[in-house]
Amino acid sequence: MAAQIGKRPAATSRQSRRLIDPSGAVMSRYLLFCNDLLRLDDNPLLSLPRDSDAALAVCILPQRQFSPNRASRRRRQLQLGLFREFQQRLAVLDIPLLLRAGDPAVILPQLLQQYQLERVVAAEPTAPEEYRWTSGLNWQWLDANSLLADELRPDLNTLPRSFTAFRQQREPELRVLAPQQAQPSILALNKILSVAGAIALSDLPQPEPDQPIAEALAQQLPEHFAQWQQHSEPAVLARFTQYLQQHLSHYKLSRNALIGADFASFLSVPLSRGTLSARRAWQLIREHEQEYGQNESSYWLRFELLWREYFRHLQRKHPLVFFRHGGLGLHQVPGTAGEAGEALLRWQQGRTGLPFIDANMQLLAQTGWMSNRGRQNVASYLMFQLGCDWRHGAAWFEQQLLDYDVASNWGNWAYIAGALYSAPRSFNALKQAVEYDSAARFTTLLLGPPETGNHRHQPYEQPDWPAPQAWQWQQYLQQLKAE
Ligand SMILES: Cc1cc2nc3c(=O)[nH]c(=O)nc-3n(C[C@H](O)[C@H](O)[C@H](O)COP(=O)(O)OP(=O)(O)OC[C@H]3O[C@@H](n4cnc5c(N)ncnc54)[C@H](O)[C@@H]3O)c2cc1C
C-alpha cells in the first residue's frame, strides 16, 4: 500500500510533544477517535482543535467486537458502510479520516506515537470494554451521545434506583444539552495527513455482497431499511424530519406494533451508530412541539429517549453488573447461570413452536431488527419459559441487532430478568400474541398461513404441540382466559 503522507509537522521528540506554532501559540496534537460520532452535526470532536492545533481523525473497526460470533455480517456491513460514507463526506470538506481495522488498544497507542500526538479524544462510552481501549493513554472523553452531559450529568453515586424515579427527578425542569453548531476545524484537521494519504493508509476489509431481505418483508419496513446508506447522517435527518411531520402524532398509539414503516421513530440505528445525535433528535422534537403543540405522542417519544439515557448512566454506575446472571443480586433471576442447550438454538432459529415468538425471531434473523414489543416477549420467553440464562439471549441480540447498543441491550435484558433494581418482569406471550397480532397478520407474514384452522395463536390446542418444559403455560392460559 503506497503511503502518501500529507503535510507532516516538524518532528518532535515524544518527551516534548507540546509544540509552539510560528505565531508563538501552544499547539495541541489530538487523536480524534470518531467511532461513535459518524456525523458532522453536533460532533464536538471535529470542532475541538483550534486552528493552531493539529489533529488526526480515525475510526477503527474493533476486530474482537466485530468478529463473526459477536456481529452478524449485516451489522458488520452497516458499520463498514457508515465508516466509508463518513470518510467520503469528510473528504469533500478536505478533512482526512483514517479508517483502520484491528484492536483499538493496540492501534491507538501506535498512532499516538507514529504521529507524535498527545491525547486521544473520543465520545465517552458506557461499556467497560471500550473504556479499556484507552487505559494507560492520555485521553479525554466527551459525552457527546448522551442527553445529560457536562453540568447536567447525573451523579452516579445518587443515581435513582428506578427509571421512574430518574425520570421524575429530571422531568420537573428537564434540560438537555443543546446540540453544538460549531464547524469542524478544517485547518487543524488536515495538518497531519492529506485526504488522499488517509484514504491510502486505510485498511478496512472489503465490503461483502449485500444481503437483501425478502421483498414482502422489505415492504413492511421503512424504505430501504436494510441498506446501510439509509442510516447515514443525511438520510436519517431527512427521514426523521419527515417522520415528525407525518407520523409523530400517532406514536403513542402505534409504538407497540410489531412491524410497519412508521409506527415508531426508527431512530435506534442512527443513535446507536452515532450518525444522529440524541440531543439533535431531542431538539427537533422540541421544535416540533413549539410549532404544533406538545401532545402525548411527542412527550412519549422523549420519554423513550430518557430510557436510553437511564441505561447509559446505569451501566456506568454498575459496569459489570449488566453482564452477571444474578446482576445486583436483589432478586431471584430466572434460568440457571450458563444454561443454554437445544432450547436456545430453537429460540435463535425461530423454531420454538410458539408462532408469536418464532415470527419475531425469524424477523430478527432476516432483517437485523425487531420491534420493542417483540424484544420484550422473546426475551421473557427465553428466560422464563425456556429456562435459559438470559445472557445467551443478550449475546444473540448483540450479534444480530443492527441497532445494537451495549447499554440499551444488556440493560433491557438485565431489567426483564430482574438483575437490576426492580423485580423480574415476565410477559405472557400467549396473551400478547392475541393482543398485538389479533388478526395474525404479522405471524402469517413471517411464517406463512397456519396449516390448520385458525390455531395460529392457540398452538396449545393442537395435540402434538411441543410445550416448553419449564413453562407454566397452563397458568398462562388460565390467565389469558380469565380476562
Ligand atoms: C431485550 C431488549 C433489547 C434491546 N436492545 C436494544 C439495543 O441493542 N439497542 C437499542 O437502541 N435499543 C434496544 N432496545 C430498546 C428498544 O427496543 C429499541 O430502542 C426500539 O425498539 C427501537 O425502535 P425505534 O427507534 O423505532 O424506537 P422508538 O419507540 O421510536 O423510541 C425512540 C428511541 O428511544 C430509545 N428507546 C426506546 N425504547 C427503549 C428502551 N426500552 N430502552 C432503551 N432505549 C429505548 C431508542 O433510542 C429509540 O430509538 C431493546 C429492548 C429490549 C426489550
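Each value, and the rule that gives it
Residues numbered from 1 in each chain as written. Predicted model: local features only at pLDDT ≥ 70, side-chain atom pairs only at ≥ 80, totals over all residues. Heavy atoms only, no water. Pairing = 2+ DSSP bridges. Helix = DSSP H or I, 4+ residues; strand = E, 2+ residues; numbered from the N terminus. Axes fitted to C-alpha atoms, helices over the stretch in contact; angles between N-to-C directions. Contact = heavy atoms within 4.5 Å. Near = heavy atom within 4 Å. Polar contact = N/O pair within 3.5 Å; in protein donor to acceptor, adjacent residues only side chain to side chain. Areas by Shrake-Rupley, 256 points an atom, 1.4 Å probe, with all protein chains shown as cover. Core = buried A, V, L, I, M, F, W, Y, C linked by side-chain atoms within 4.5 Å. Buried < 20%, exposed > 50% of the residue type's maximum accessible area, 1.4 Å probe, protein only. Parallel < 35°, antiparallel > 145°, perpendicular 65-115°, else oblique. Left-handed = near helix turned anticlockwise from the far one by under 90°. Nonpolar A, V, L, I, M, F, W, Y, C, P; charged D, E, K, R; others polar.

Novice: I tried to follow the sheet that holds strand 5 (residues 97–102) on my own but got confused; where do I start?
Specialist: To summarise the sheet geometry, strands pair through backbone hydrogen bonds and adopt either a parallel or an antiparallel arrangement. Pairing in this open sheet of five strands is parallel, and the strands run 5-4-3-6-7 from one edge to the other. Every interior strand has two partners, whereas the edge strands, strand 5 and strand 7 (139–142), have only one. Between one strand axis and the next, the sheet turns by 30° as a mean value, whatever way the strands run. In this structure, strand 3 (residues 29–33) lies alongside strand 6 (residues 119–123), joined through four bridges in parallel fashion. Bridging from a neighbouring strand, L31 pairs with V120 of strand 6. Its contacts with the sheet place helix 2 (residues 73–92) against strand 4 (54–62) and strand 5, and it is angled at close to 160° to strand 5. Strands strand 3, strand 4, strand 5 and strand 6 of the sheet are contacted by helix 3 (residues 104–114), whose axis makes an angle of about 140° with strand 5.

Novice: Whenever I open this one, the site of the ligand confuses me. Can you help?
Specialist: Lining the immediate surroundings of the ligand are 25 residues, of which Y251, S265, F266, N372 and D403 lie closest. Here an oxygen atom of the ligand and a side-chain polar atom of Y251 are 2.5 Å apart. Here an oxygen atom of the ligand and a backbone polar atom of F266 are 2.7 Å apart. Out of a free accessible area of 820 Å², the ligand has 97% covered by protein chains. Going through the elements one at a time, helix 11 (268–273), helix 13 (296–317), helix 16 (372–385) and helix 18 (406–417) are the ones with two or more residues in the shell around the ligand. The element contributing the most residues to the shell around the ligand is helix 13, with six residues.

Novice: Any chance you could explain the nonpolar core here in plain terms?
Specialist: One recurring pattern in soluble globular proteins is that nonpolar side chains are buried together. Ranked by internal contacts, the top residues of the largest apolar core, which has 121 residues, are L32, F240, W347, W390, F397 and W413. If we ignore the near neighbours within four places in the chain, the residues touching W347 are T352, I357, M361, V378, Y381, L382, L386, G393, W396, F397 and W413. With 22 residues, the next largest nonpolar core counts F33, I60, V120 and A198 among its residues.

Novice: Is there a simple way to think about the pairing of strand 6 in this case?
Specialist: Counted residue by residue, strand 6 has four buried out of five residues, so it is predominantly covered. Where strand 6 and strand 7 come together, four bridges link them in parallel fashion. Counterpart to V120 in the pairing with strand 7 is W139.

Novice: In this structure, what is going on with the packing of helix 12 (residues 278–292) against helix 13? I would like to understand it.
Specialist: Running from N to C, helix 12 and helix 13 point in directions that differ by 165°, and their axes come no closer than 10 Å. Here helix 13 runs roughly antiparallel to helix 12, going by the angle between their axes. Crossing of helix 12 over helix 13 shows left-handed handedness. In this structure, helix 12 uses A278, W282, I285, R286 and E289 to contact helix 13, whose residues at the interface are S298, Y299, L301, R302, L305, L306 and R308. Broken down by class, the residue content of the contact of helix 12 with helix 13 amounts to seven nonpolar, one polar and four charged.

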